[in-house]
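Take a look at the letters that make up each chain.
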Amino acid sequence: MEQSDWFLEGYLEPQGQLERVAVRPMPFRMGRQHALELPLRELSVSATHAEIVRERGRLVLHDLGSRNGTFVNGNKIEAPVALRNGDVIHLGQCELRVVCEVLDLGDTMAMTMHAESLPHRLVTGVPELRELLASRAVVPFFQPIVRLDNGEVIAYEVLGRGTHDGLSPSPYELFHIAEAAGLEGELSRLFRVEGIRIGVDAHRASGLFVNTHPAEMDDAALLPSLRRARSEAPDSRLTLEIHEGAVTDVGRMRALRAELEELDVGLAYDDFGAGQARLLELVEVPPDYLKFDISLIRGLHRATAGKQRMVEVLVHMVNELGIPALAEGVEEEDEAVACRQMGFTYAQGYHFGRPAPADN
């Protein structure tokens, strides 16, 4: 006898791990309220955003009048939509993948393996990912970074999407597959190289912020790839972003900083405040920019007095160190105003511009 189990997979916590949640009981409601079947902390998600119900043996997704809409495979739903295995749901900025597993309940071994593997989905798509890497099937997206005092665009962060027909375009999905196959560094380099190649001409008057994957900190290919990028874009203002969680070794960061200075490449620490604040590294190897994590910025204008004071103190501290503070994830004018008042120099987020291809 066969039985289908349905799950949603995604990064349910800011900077968290990929998680899997069983779609039950019904109705399965999703939103910011804690009492829901799937509570989400993402502020772009409405209090009660959407629900999944079972109708005629199918799972059907309903939007519940959400503020930012519910999307399936990139399309905003205007009516209930039947879900299929592999569909990608967006609730605000929260991305969830639909997974259906079929069990043979007469196979004891299969049941045991299934029960043991519930927290982690069997990763598929590795051959397709290798094809993507070989054919360079990615397209760079660019998001503006602005000065908060006058709105001037000073740079664009290079992001990306996949274009392989057999894979989701989502970088989250692609990196999930890449990490299982040990290809995360190669995928990160491809996004970076293509972003610089396209961005040099598209945004010649502005700088480019390019990303790294934490795995690249132990990858001997990182510096050669940056040298090639600099040789191919000798006049571009480049800044390398490193996740705060990867900044753990002062000696290694000092050596990397020296290499970047030789290449005339700037340094930014990304997602500051998402986990353990690396204050020692911040003082010993100061970056050119410090990007405050989105979790500190979202709803800052209506946050508690304690949180506002904490952010203000951190911004004052980094400004005293001569490091410009950059606010990530600014979605509303009120957030931008609060960031200006607290001393942020730069910002990026949907309020100033969504990631878009170079021709947009």
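Residues numbered from 1 in each chain as written. Predicted model: local features only at pLDDT ≥ 70, side-chain atom pairs only at ≥ 80, totals over all residues. Heavy atoms only, no water.

Caption draft 1: Local environment of the overall build of the protein. Within the protein, the regular secondary structure consists of 10 helices and 20 strands. Residue pairs in contact within the protein that sit at least 24 positions apart in sequence constitute 58% of those at least 6 positions apart. As displayed, the protein offers around 17,400 Å² of accessible surface, 50% of which is attributable to carbon and sulfur atoms. (Helix = DSSP H or I, 4+ residues; strand = E, 2+ residues; numbered from the N terminus. Contact = heavy atoms within 4.5 Å. Areas by Shrake-Rupley, 256 points an atom, 1.4 Å probe, with all protein chains shown as cover.)

Caption draft 2: Layout of unusual backbone geometry. The step from R24 to P25 runs through a cis peptide bond, and the omega angle for that step is -5°. Of note, P25 is situated in the loop between β2 (18–22) and β3 (28–31). Following M26, the chain continues into P27 via a peptide bond in cis, with omega recorded as -10°. In this fold, P27 is placed in the loop between β2 and β3.

Caption draft 3: Up close: the packing of aromatic side chains. A complete count under the given rule lists 5 aromatic pairs for this structure. Look at F175 and F191: their rings are 6.0 Å apart centre to centre, the planes differ by 40°, and that puts the pair in the tilted class. One end of the pair, F175, is in helix α3 (residues 171–181); the other, F191, is in helix α4 (residues 184–202), and 16 residues separate them in sequence. With respect to class, F175 is no different from F191; both count as buried. The interplanar angle of 70° and the centroid separation of 5.2 Å between the aromatic rings of F272 and F292 together place this pair among those described as edge-to-face. Remark: F292 occurs in strand β17 (residues 289–292) and F272 occurs in strand β16 (residues 265–272); sequence separation between them is 20 residues. With a relative accessible area of 0%, F292 lands in the buried category. (Phe/Tyr/Trp six-rings, centres within 6.5 Å; stacked < 30°, edge-to-face > 60°. Buried < 20%, exposed > 50% of the residue type's maximum accessible area, 1.4 Å probe, protein only.)

Caption draft 4: Quick peek at α3. For α3, the complete set of buried residues consists of E173, L174, F175, H176, I177 and A178. The opening residue of α3 is S170, an N-cap whose side-chain oxygen sits 3.2 Å from the backbone nitrogen of Y172. After α3 finishes, the residue G182 shows a positive phi value of roughly 70°. (Polar contact = N/O pair within 3.5 Å; in protein donor to acceptor, adjacent residues only side chain to side chain.)

Caption draft 5: Expanded view of the environment of V45. Here V45 is to be found in the loop between β4 (38–39) and β5 (50–55). Overall, V45 belongs to the buried group, its relative accessible area being 0%. Sequence separation between V45 and G92 is 47 residues; the distance between their C-alpha atoms is 5.0 Å. In contact with V45, not counting residues within four places along its chain, are G31, R32, L40, L91 and C94.

Caption draft 6: The arrangement of the sheet that holds strand β9 (residues 81–82) in detail. The strand order across the open sheet formed by 5 strands is β4-β3-β5-β6-β9, and the pairing between neighbours is mixed. The sheet is open, and its two edges are formed by β4 and β9, each paired on a single side. As judged from the 2 bridges shared by β3 and β4, these two strands associate in the parallel manner. The partner of G31 across the bridge, within β4, is P39. (Pairing = 2+ DSSP bridges.)

Caption draft 7: Local environment of the side chain of E157. Within the secondary structure layout, E157 lies in strand β13 (residues 153–162). Overall, the relative accessible area of 6% leaves E157 in the buried class. Within the local environment of E157, its side chain forms a polar contact with the side chain of K291, the two groups lying 3.0 Å apart.

Caption draft 8: Main features of the pairing of β16. With 8 of its 8 residues buried, β16 lies for the most part within the structure. Examined bridge by bridge, strand β15 (residues 238–243) and β16 share 6 bridges and lie parallel to one another. Its bridge partner being in β16, L238 is matched across the sheet by V265. When β16 meets β17, the two strands line up parallel, connected through 3 bridges. Of the residues in β17, the one forming a bridge with Y269 is L290.

Caption draft 9: Here's a closer look at the pattern of salt bridges. Under the counting rule described, the total for this entry stands at 22 salt bridges. In this structure, the salt-bridge partner of R20 is E9, at a minimum N-O distance of 3.1 Å. Of this pair, R20 sits in strand β2 while E9 is found in strand β1 (residues 2–11), placing the two residues 11 residues apart along the sequence. Across the pair, exposure class does not vary: R20 and E9 are buried alike. (Salt bridge = Lys/Arg side-chain N within 4 Å of Asp/Glu carboxyl O.)

Caption draft 10: Broad picture of the nonpolar core. In this structure, I242, M253, F292 and F344 are the most contacted members of the largest nonpolar core, which totals 49 residues. Once residues lying within four places of it in the same chain are set aside, the contact partners of F344 are L148, F292, I297, V311, V315, A325, L326, A327 and C339. Core analysis: the second largest hydrophobic core is formed by 23 residues, V21, L61, L83 and C100 among them. (Core = buried A, V, L, I, M, F, W, Y, C linked by side-chain atoms within 4.5 Å.)

Caption draft 11: Fine view of helix α10 (residues 333–342). Among the residues of α10, E335, A336, A338, C339 and M342 are the ones counted as buried. Along the long axis of α10, the arc covered by the buried residues comes to 160°, so they all point the same way. Directly after α10, the chain includes G343, whose backbone phi takes a positive value near 105°. (Arc of directions from axis to C-beta.)

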